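Summary of the model geometry
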Amino acid sequence: MNLTLKVWRQRDAQDEGHFVTYPAHDISEDMSFLEMLDVVNEGLITKGEEPIAFDSDCREGICGTCSLVINGRAHGGQRATTACQLHMRHFSDGQTITIEPWRARPFPVVRDLIVDRGAFDRVIQSGGYISASTGGTPDANTLPVGKPTADMAMDAAQCIGCGACVAACKNASAMLFVAAKVSHLGMLPQGAVEKDARVLSMVRAMDEEGFGNCTVTGACEAVCPKEIGLDFISRLNRDYLSAVAKSTC
Amino acid sequence: MNIYKAIFLSSLGKKYIMGVTGLALFGFVIGHMLGNLQIFLGPEKINAYGALLKSMPKLLWMARLGLLACVGLHLWAAIQLVRQNRKARPSAYKVVDHSGSSFASRTMIWSGLIVLAFIIFHLFDFTITPEYTGKDSEGRHDIFRMVVLGFSNPLSAGWYIFANALLCFHLSHGVKSLFQSLGLSSGKWRGWFNTLAISVAWLVFVGNASIPVAVLLGFGKEALK
Ligand code: FES
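Residues numbered from 1 in each chain as written. Chains lettered and ligands numbered in written order. Predicted model: local features only at pLDDT ≥ 70, side-chain atom pairs only at ≥ 80, totals over all residues. Heavy atoms only, no water.

With respect to the helices, strands and loops of the structure, B:His173 is situated in helix α8 (residues 154-181). What B:His173 contacts, discounting residues up to four positions off in sequence, is A:Thr215, A:Val216, A:Thr217, B:Ala104, B:Ser105 and B:Met108. (Helix = DSSP H or I, 4+ residues; strand = E, 2+ residues; numbered from the N terminus. Contact = heavy atoms within 4.5 Å.)

If you want it as structure tokens, here you go:
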């Protein structure tokens, strides 16, 4: 198939940035979106032009490094799919595709489609871990965890920290990310001990990074490649409220 | 932990303020609608209801000041949140696909501000500087006649219906979001709250709009003679 790409090019965080149009010829519909970009880049390199900079690592949907807004939707808008797992068969021959980076103040553009997601790391550093060493993997059922709780914690733990929630939210809010981390740790016995301190400092870190606020539009859960839902944001609101209440009484 | 900081300065805290004040204002909207619907029971009932409210000035003023505080806080939090949200995305997407979020959810500030403008107008129109101050046969403020007179003007009636349509829009997202912001909306409750929000939003619209529509269709004409 043949496509027209409108790609966001930007030298660095200070540069204004602009769209450049590139043709993409002879693309197989079995290629992933990133493989398609590889083909375009090879062409650019052969011509002596600067290739399009984009992020990727695992290319199997588990690391959360790829980060493209494709036709206005983070990761391209296919249900439960990262950009690296998005296949060209979802596009039609002759289509024009626009590609933009994640856009949010806490995610400055490094170059073209690559953004710096260090803000997420700093939110994690503020409390998104368990500070006591709990040893290696415990034997099964030494520490009983109810099935519904285990399932829900597992759902939250699926978050790969890609930032699509921030990218899709009209307010660039990181609530879904923080909610997933707070829930996944707080619901399990090892993490429950520091639950209150964790939620208070992670929310403070999230605010300090300059993310926006949740207005419950649901745009985040619609693009989340791991299908993390708004329920976790409700849980985060509840956890924070109870932590504030406990720390003041 | 400083509670002022945790609530008034944090992102989540401001949403609690939005939610709690929103709930109070929503309660008022329901009460106000039920009160007004007594107009369909005739002049006697609605005028007596007005006189009853006036006979309890302390309670009335407490409610008024409470509502004013809620409106103030709701508006303050909304402006803070919107400013932060705009700042969080300094460069806009050139192509945006909104499938995944509802139109109502993305336009809350606009539906809210227009409804606020309407409320101010409406207060002046019917409470602060009413054009009509006539009394009924028992010397009570003739609310029935005032309402019929007001809504006989298609322009006033239209503005009232339009504002209520926006209020319905605002509530359809606001009511479900307040439960989310207060952390109550998980599991099966989410579905219930969503249904509740849509139903009450429509109920408020139909209830409130029914009065101007009825007047335009000739309800209460005899009162004007
Ligand atoms: S590159 Fe790892 S998730 Fe896409």
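The subject of this paragraph is the pairing of strand β1 (residues 3-9) of chain A. Residues and elements named next belong to chain A. In terms of residue burial, β1 counts as a mostly covered element, since 5 of its 7 residues are buried. Judged from the 7 bridges that link them, β1 and strand β2 (residues 18-24) form a sheet pairing that is antiparallel. Bridge assignment links Lys6 to a residue of β2, and that residue is Thr21. Bridge count for β1 against strand β5 (residues 96-100) is 4 bridges, and the pairing is parallel. Bridge pairing in β5 places Val7 opposite Ile99. (Buried < 20%, exposed > 50% of the residue type's maximum accessible area, 1.4 Å probe, protein only. Pairing = 2+ DSSP bridges.)

Turning our attention to the pattern of salt bridges. This model, assessed by the stated rule, comprises 17 salt bridges over all chains. When the shortest N-O distance is used, the salt bridge between A:Asp38 and A:Arg59 registers 2.7 Å. Linking A:Asp38 in helix α1 (residues 33-46) with A:Arg59 in the loop between α1 and β3 (69-70), this pair joins segments that are 21 residues apart in sequence. Classification of A:Asp38 as partly exposed rests on a relative accessible area of 26%. Across the pair B:Asp136 and B:Arg140 runs a salt bridge whose closest N-O atoms are separated by 3.1 Å. Its relative accessible area of 14% is what places B:Asp136 among the buried residues. (Salt bridge = Lys/Arg side-chain N within 4 Å of Asp/Glu carboxyl O.)

All names here are of chain A. Tallying each qualifying case throughout the model produces 21 aromatic pairs over all chains. Considering the side-chain rings of Phe107 and Phe211, the 5.7 Å spacing of their centres and the 80° angle between planes classify their relative orientation as edge-to-face. Of this pair, Phe107 sits in the loop between β5 and β6 (109-111) while Phe211 sits in the loop between α7 (195-209) and α8 (219-223), and the two are 104 residues apart along the sequence. By relative accessible area, which is 1% here, Phe107 ends up buried. (Phe/Tyr/Trp six-rings, centres within 6.5 Å; stacked < 30°, edge-to-face > 60°.)

Honestly, it's all geometry; don't read function into it.
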